[in-house]
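# Summary of the model geometry
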Amino acid sequence: MMAAGVANFLFLLLLVTQVQGKIFDVKAYGAKANGMTDDSKAINSAWKDACVAKEASTVVIAKGNYMVGPLNFKGPCTAPVTVQVQGTLKAPADPRQLHGEWVVFRNVEQLTVSGDGIFDGQGPTAWSVNNCAKTGKCNSLPTVKEIELEWEG
């Protein structure tokens, strides 16, 4: 009787793993999530590995404060990818450090971004170091680019 329960549990675990696919935890790539260390390289590396995975995969950005910029979520990818954001992704305090875009999602089919995390462009700081309101040129502001959403249902 107990062997049947264990077998059922293992089967269920196998099913969940196949549905969820491979997990790429950014902390395993060196992300510190301490709010002080630049975690861009770790997150970009986890994305690159997830993007070339043969099966559906998930990039996990767990709870914590991640100082990042820029992040490049670019495809094409070989299988569906989910980016699960539970933590806070913060742009650099000085947006001039970005030299372009802050977060880019581009050329990725079957992308899912989920979680209750936060993309914090540090608006008050960014606005204080540029004259966008006067000139209309806002190139130094942190931006999220090229997100194309498809809704099901």
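- The name an unreviewed UniProt entry gives the protein is Polygalacturonase, with Dovyalis caffra as the organism.
- Within the UniProt record for the protein, the comment given under Subcellular location (unreviewed entry) is "Secreted, Cell wall".

## Overview of helix 2 (residues 40-51)
- Look at helix 2: 16 Å from first C-alpha to last across 12 residues, which is about the 16 Å you get at 1.5 Å a residue.
- Among the residues of helix 2, those classed as buried are Ser40, Ala42, Ile43, Asn44, Ala46, Trp47, Ala50 and Cys51.

## Quick notes on the state of the cysteines
- Tallied over the full model, the rule gives 1 disulfide.
- With a sulfur-sulfur separation of 2.1 Å, Cys51 is cross-linked through a disulfide to Cys77. Negative torsions about the S-S bond denote left-handed disulfides, and the value of about -105° found for Cys51 with Cys77 makes this one left-handed. Of the two residues, Cys51 sits in helix 2 while Cys77 sits in the loop between strand 5 (71-74) and strand 6 (81-85), which places them 26 residues apart along the sequence. Cys77 carries the same exposure label as Cys51, and that label is buried.

## Examining the environment of Tyr29
- Within the element layout of this structure, Tyr29 appears in the loop between strand 1 (22-25) and strand 2 (34-38).
- Taking relative accessible area as the criterion, Tyr29 reaches 30% and is therefore assigned partly exposed.
- Considered as a pair, Tyr29 and Ala46 are 17 residues apart in the sequence and their alpha carbons are 6.5 Å apart.
- Apart from residues lying up to four places away in sequence, Tyr29 is in contact with Phe24, Ala42, Ser45, Ala46 and Asp49.

## Structural notes on the sheet that holds strand 9 (residues 111-114)
- What the 4 strands build is an open sheet, ordered 1-3-6-9; its pairing is parallel. Both edges of this open sheet fall to strand 1 and strand 9, since each of them pairs with a single strand only. Going across the sheet, the axis of each strand differs from the next one's by a mean of 20°, ignoring polarity.
- Relative to strand 9, strand 6 is paired through 4 bridges, and the arrangement is parallel. If you follow Val81 over to strand 9, its bridge partner there is Leu111.
- Of the strands in this sheet, strand 1, strand 3 (57-61), strand 6 and strand 9 touch helix 2, which is tilted by about 170° from strand 3.

## What to know about the sheet that holds strand 4 (residues 65-67)
- Read from one edge to the other, the open sheet built from 4 strands follows the order 2-4-7-10, with strand pairing classed as parallel. At either margin of the open sheet sits one strand with a lone partner, and together these are strand 2 and strand 10 (118-120). Strand-to-strand twist across the sheet, computed as the mean angle between neighbouring axes with direction ignored, equals 20°.

## Overview of the pattern of salt bridges
- Counted by the stated rule, this structure contains 2 salt bridges.
- Put simply, Arg106 and Glu101 hold a salt bridge, and the shortest N to O gap is 3.7 Å.
- On the basis of relative accessibility, which here comes to 26%, the residue Arg106 falls in the partly exposed class.

About the thresholds
Residues numbered from 1 in each chain as written. Predicted model: local features only at pLDDT ≥ 70, side-chain atom pairs only at ≥ 80, totals over all residues. Heavy atoms only, no water. UniProt positions renumbered as here; feature names shortened; annotations may be inferred. Helix = DSSP H or I, 4+ residues; strand = E, 2+ residues; numbered from the N terminus. Expected span 1.5 Å × (residues − 1). Buried < 20%, exposed > 50% of the residue type's maximum accessible area, 1.4 Å probe, protein only. Disulfide = S-S within 2.5 Å. Contact = heavy atoms within 4.5 Å. Pairing = 2+ DSSP bridges. Axes fitted to C-alpha atoms, helices over the stretch in contact; angles between N-to-C directions. Salt bridge = Lys/Arg side-chain N within 4 Å of Asp/Glu carboxyl O.

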